[in-house]
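Results of the structural survey
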Amino acid sequence: MNAPTFPSSPSFITTIIRHDWSRSEIQTLFDLPFSDLMFQAQTVHRAYFNPNEVQVSTLCSIKTGACPEDCAYCPQSARYDTGLEREKLMAVEKVIEEAKAAKASGATRFCMGAAWRSPKNRDMPYVTTMVQGVKALGLETCMTLGMLDEVQAQELADAGLDYYNHNLDTSPEYYGEIITTRTYQDRLTTLANVRKAGMKVCCGGIVGMGEEESDRAGLLQQLANMPEHPESVPINMLVKVEGTPLANEADLDPFDFIRTIAVARILMPQSHVRLSAGREQMNEQTQAMAFLAGANSIFYGEKLLTTPNPEANKDMQLFKRLGIKPESYEVHQNESEQEAAIFQQLQEQKNDSMFYNAAK
Ligand code: SF4
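Below: a short report on this structure. (Residues numbered from 1 in each chain as written. Predicted model: local features only at pLDDT ≥ 70, side-chain atom pairs only at ≥ 80, totals over all residues. Heavy atoms only, no water.)

Below, the discussion takes up the side chain of D169. Secondary-structure assignment places D169 in the loop between β4 (163-165) and α6 (175-178). In terms of polar contacts, D169 uses its side chain to reach the side chain of Y73, at 2.6 Å. Beyond its immediate sequence surroundings of up to four residues, D169 is in contact with Y73, I179, R187, G204, G205, I206, M209 and L219. (Helix = DSSP H or I, 4+ residues; strand = E, 2+ residues; numbered from the N terminus. Polar contact = N/O pair within 3.5 Å; in protein donor to acceptor, adjacent residues only side chain to side chain. Contact = heavy atoms within 4.5 Å.)

If you want it as structure tokens, here you go:
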């Protein structure tokens, strides 16, 4: 007997890398029945990645607060009273210590973020020394320092920086509602400078900022139609921080968040799609669904710049329960060494918190 067929099966699944997605094609993906969208995203994901591996990065704020920009979601903007303590640029030695601890916890990439409009030339020797020091530990390096000119991008690349993070945040149409102190084109210019210098690009956005679904489609269209897809695409869920203009924004339906991840996966099949800020607010089931939709990178550690991140060992417990392994950084990182660090961590917390609130 033939197996029955169902009319709602996706009519096309493409795993081809494209850079010419139209807004209506992307909207069609968003409009698919949820199961069809998830199936399509999984199919694309499995064509390029081991579906049971997730890349793990640690984020370190090397300079917190007092940023002159006015990003409406950001507690680090000097324009909003969020109670955040402003800090000076962290000492190079301290950054290296943090990177060592991140490596011991199983991270393969160390991301360093500074709340700047753009780095000043006097800052460059410090940040390039940080890159060299972190790289020497055998970690991949990533930085987010604001806008870069061509010379700064080249200096970072020459120091060995692997990735530069600079997000587009949202669609070009909605952008003016969120930031007025730098333009969309400023961001695209920085991204072009990063590419020209030969670094990999980490670029994504934030959802749940009051935008329409068409804006989420617009953001993904910008990313997917770049001449090269960003190697890393963080999809953040807004973290509402008291004192920022978006503090009272309505919650986004978690299914809309998952849909955004799935469409990002389909449009950029070879990119790591990162489940980024906002994970603290998600229950484990939503996180698992995000992995199913094609998310394959997370930030791991106690803090995501200034907003809370689920505790590292809870992440590893969830990985174990889902049969997910941290992706190894092949060039420098030995998988068994990495696993040993994770298992040691699991062992250490075995006695104190084996029972936890699964709904949290
Ligand atoms: S997101 Fe970055 S640029 Fe915008 S206010 Fe925050 S630290 Fe400054």
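Okay, the site of the ligand next. Taken together, the residues surrounding the ligand are C67, E69, C71, Y73, C74, S77, A115 and R182. Residue composition of the shell around the ligand, grouped by class: five nonpolar, one polar and two charged. (Near = heavy atom within 4 Å. Nonpolar A, V, L, I, M, F, W, Y, C, P; charged D, E, K, R; others polar.)

So, about the pairing of strand β7 (residues 232-237). Most of β7 is tucked away: six of the six residues are buried. Residues S232, P234 and N236 line one face of β7 and the alternating positions V233, I235 and M237 line the opposite face, and both faces are buried. One ladder, built from three bridges, connects strand β6 (residues 205-207) with β7; its direction is parallel. Looking across to β7, one finds that I206 is bridged to N236. The β-α-β motif built from β6, the intervening helix α8 (residues 213-224) and the parallel element β7 has right-handed crossover chirality. As a crossover connection, the stretch from β7 through helix α9 (residues 254-267) into strand β8 (residues 272-275) is right-handed. (Buried < 20%, exposed > 50% of the residue type's maximum accessible area, 1.4 Å probe, protein only. Pairing = 2+ DSSP bridges. Right-handed = clockwise from strand over helix to strand, strands pointing away.)

Now for unusual backbone geometry. In this structure, A66 is a non-glycine residue whose phi angle is positive, near 60°. Relative to the helices and strands, A66 resides in the loop between β1 (53-63) and α3 (92-104). The backbone of D169 sits at a positive phi, close to 75°, despite the residue not being glycine.

A complete count under the given rule lists three aromatic pairs for this structure. Note on F34 and F255: the rings are 5.3 Å apart at their centroids and 75° apart in plane angle, and the pair reads as edge-to-face. Of this pair, F34 sits in helix α2 (residues 34-48) while F255 sits in helix α9, and the two are 221 residues apart along the sequence. F34 sits in the partly exposed class, given a relative accessible area of 22%. For F255, a relative accessible area of 44% puts it in the partly exposed group. Aromatic pair F291 and F319: ring centres 6.1 Å apart, planes at 75°, arrangement edge-to-face. Here F291 is found in helix α10 (residues 284-292), whereas its partner F319 is found in helix α11 (residues 312-322), with 28 residues between them in sequence. Judged by relative accessible area, which is 6%, F291 ranks as buried. (Phe/Tyr/Trp six-rings, centres within 6.5 Å; stacked < 30°, edge-to-face > 60°.)

Turning our attention to the packing of α3 against helix α4 (residues 124-136). Across the interface, α3 lies against α4 with an axial gap of 9 Å and an inter-helix angle of 30°. On the basis of the axis angle, α3 is roughly parallel to α4. The crossing of α3 and α4 is right-handed. Residues V92, V95, I96 and A99 of α3 form the contact with α4, whose own contacting residues are Y126, T129, M130, G133 and V134. Looking at the contact of α3 with α4, its residues break down into seven nonpolar, two polar and no charged. (Axes fitted to C-alpha atoms, helices over the stretch in contact; angles between N-to-C directions. Parallel < 35°, antiparallel > 145°, perpendicular 65-115°, else oblique. Left-handed = near helix turned anticlockwise from the far one by under 90°.)

Further remarks concern the packing of α2 against α10. Packing of α2 against α10 leaves a shortest axis separation of 9 Å and a crossing angle of 55°. As far as their axial angle goes, α10 and α2 are oblique. Counted together, F34, M38 and Q42 of α2 and M289, F291 and L292 of α10 form the full contact between these two elements. Considering only residue class, the contact of α2 with α10 consists of five nonpolar, one polar and no charged.

This part takes up the environment of V44. Locating V44 in the fold gives a position in helix α2. Look at V44 and you get buried, because its relative accessible area is 0%. The sequence separation of V44 and M268 amounts to 224 residues, and the corresponding C-alpha distance is 9.2 Å.

Another aspect to go through is the nonpolar core. Membership of the largest hydrophobic core comes to 93 residues, with the highest contact counts inside it found for I62, M143, L156 and F257. When residues in this core are grouped by element, the largest group, eight residues, is from α9. Formed by five residues, the second largest nonpolar core is a distinct cluster that contains L59, C142, Y163 and F299. (Core = buried A, V, L, I, M, F, W, Y, C linked by side-chain atoms within 4.5 Å.)

Before going further, it helps to spend a moment on the pattern of salt bridges. As enumerated under the stated definition, the model contains 15 salt bridges in all. As a salt-bridge pair, E69 and R117 come within 2.9 Å of each other at their nearest N and O atoms. Separated by 48 residues along the polypeptide, E69 in the loop between β1 and α3 and R117 in the loop between β2 (109-114) and α4 bring together distant segments of the chain. Assessed through its relative accessible area of 3%, E69 is described here as buried. By relative accessible area, which is 33% here, R117 ends up partly exposed. (Salt bridge = Lys/Arg side-chain N within 4 Å of Asp/Glu carboxyl O.)

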